[in-house]
Amino acid sequence: GKNPSSLLAEYKLHEAANLLANTERPVYDIAKELGYANQFSFSRAFKRLYEVAPSQYRRNMRTATNSC
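The rules behind each value
- Residues numbered from 1 in each chain as written.
- Predicted model: local features only at pLDDT ≥ 70, side-chain atom pairs only at ≥ 80, totals over all residues.
- Heavy atoms only, no water.
- Salt bridge = Lys/Arg side-chain N within 4 Å of Asp/Glu carboxyl O.
- Helix = DSSP H or I, 4+ residues; strand = E, 2+ residues; numbered from the N terminus.
- Buried < 20%, exposed > 50% of the residue type's maximum accessible area, 1.4 Å probe, protein only.
- Expected span 1.5 Å × (residues − 1).
- Arc of directions from axis to C-beta.
- Contact = heavy atoms within 4.5 Å.

A. Spatial organisation of the pattern of salt bridges. All chains considered together, the criterion is met by three salt bridges. For the salt bridge of Arg62 with Glu24, the shortest nitrogen-to-oxygen distance reads 2.9 Å. Note that Arg62 is positioned in helix H4 (residues 54-66) and Glu24 in the loop between helix H1 (4-22) and helix H2 (27-33), a separation of 38 residues in sequence. Between Glu33 and Arg25 there is a salt bridge; the shortest N-O distance is 2.5 Å. Its relative accessible area of 30% is what places Arg25 among the partly exposed residues.

B. Representation of H1 in the model. The end-to-end C-alpha distance of H1 is 27 Å, a good match for the 27 Å that 19 residues give at a rise of 1.5 Å each. Listing the buried residues of H1 in full gives Leu13, Ala16, Ala17, Leu19 and Leu20. Relative to the axis of H1, the buried residues are bounded by an arc of 165° and lie together on one face. Turned more than 90 degrees away from the buried face of H1, the exposed residues are Pro4, Tyr11 and Asn22. Contacts from the buried residues of H1 go to H2, helix H3 (39-50) and H4.

On their own, these measurements won't tell you what the molecule is for.
See below:
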């Protein structure tokens, strides 16, 4: 029940989550690569979907990986 632009945005954010969890690339590079105008619009969209800022998501993923 989602429109194509919403699906594309969600796909990009899932890709961003993967990059945040598995690379050391800066958040602004990831935002730029995925077509966001700036880091702030990317961060707002990411937080809307994941309920946490991109940098905090990265820290959380590292903590989860290190505790295994």
